[in-house]
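Architecture and fold: a report
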Amino acid sequence: QVQLVESGGGLVQAGGSLRLSCAASGGTFSSYSLGWFRQAPGKEREFVATITWSGGYTYYEESVKGRFTISRDNAKATVYLQMNSLKPEDTAVYYCGARQRNWSVTSMSAYDYWGQGTQVTVSS
């Protein structure tokens, strides 16, 4: 059983930056690939970014490419999401998830464990 705890959310003006963290415990962190998803009010949870267990491969949703960077530190059992040039449409609750599957990595169904989420609000 893996526990995930997100942190780093907050209120920021458009054009600003935030770094989200997701700390894991209770499992072998380095054996899991990780992903970030987000859910805006009234919308379904959507994929943002994912990183493989080694950190050697990353993949991003089109609207965040060039602005967001996912990374991980296996020694600290933590995955990060650096978010730059934030826009009001990035406002959402951000969740991290852990998976061992290597298919459908942009789908929630591929992820076995989830954190509780952290709120990101971008003002215009």
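Shown above is the structure to which this text applies.
Scope of this entry: the structure provided in the associated data block. All values reported here derive from a predicted model rather than from experimental measurement.

1. Thoughts on the pattern of salt bridges
Using the criterion set out here, one finds 5 salt bridges in the structure. Of the charged contacts in the structure, one is a salt bridge between Asp90 and Arg38, with a shortest N-O distance of 2.9 Å. In this pair, Asp90 sits in the loop between strand 8 (78-83) and strand 9 (92-99) while Arg38 sits in strand 4 (residues 33-39), placing the two residues 52 residues apart along the sequence. With a relative accessible area of 1%, Asp90 lands in the buried category. Taking the shortest distance from any N to any O, the salt bridge between Lys65 and Glu62 comes out at 3.1 Å.

2. Focus: the side chain of Arg72
Within the fold, Arg72 resides in strand 7 (residues 68-73). Summary of buried charges: Arg72 has no salt-bridge partner, and the nearest side chain of opposite charge, Asp73, is 8.2 Å away. A distance of 2.8 Å separates the side chain of Arg72 from the backbone oxygen of Tyr32, its partner in a polar contact. Side-chain polar atoms of Arg72 contact the backbone oxygen of Trp53, separated by 3.4 Å. The contact partners of Arg72, leaving out residues within four places of it in the chain, are Phe29, Ser30, Tyr32, Ser33, Leu34, Ile51, Thr52, Trp53, Gly55, Thr78, Val79 and Tyr80.

3. What about the environment of Ser7?
Structurally, Ser7 can be placed in strand 1 (residues 3-7). Along the chain, Ser7 and Arg67 lie 60 residues apart, while their C-alpha atoms are 19 Å from each other.

4. What to know about the state of the cysteines
Under the criterion given, the structure shown has 1 disulfide. A sulfur-sulfur separation of 1.9 Å characterises the disulfide bridge that pairs Cys22 with Cys96. Here Cys22 and Cys96 share a disulfide; its torsion about the S-S bond, 40°, makes the bridge right-handed. Highlighted residues: Cys22 in strand 3 (residues 18-25) and Cys96 in strand 9, separated in sequence by 74 residues. Each member of the pair, Cys22 as well as Cys96, carries the same accessibility label: buried.

5. Digging into the pairing of strand 8
Burial analysis of strand 8 places 5 of its 6 residues in the buried class, the great majority of the element. In this antiparallel pair of consecutive strands, strand 7 and strand 8, the connection spans 4 residues, and Ala77 shows a positive phi of 50°.

The rules behind each value
Residues numbered from 1 in each chain as written. Predicted model: local features only at pLDDT ≥ 70, side-chain atom pairs only at ≥ 80, totals over all residues. Heavy atoms only, no water. Salt bridge = Lys/Arg side-chain N within 4 Å of Asp/Glu carboxyl O. Helix = DSSP H or I, 4+ residues; strand = E, 2+ residues; numbered from the N terminus. Buried < 20%, exposed > 50% of the residue type's maximum accessible area, 1.4 Å probe, protein only. Lys, Arg positive; Asp, Glu negative; His and termini not counted. Polar contact = N/O pair within 3.5 Å; in protein donor to acceptor, adjacent residues only side chain to side chain. Contact = heavy atoms within 4.5 Å. Disulfide = S-S within 2.5 Å. Pairing = 2+ DSSP bridges.

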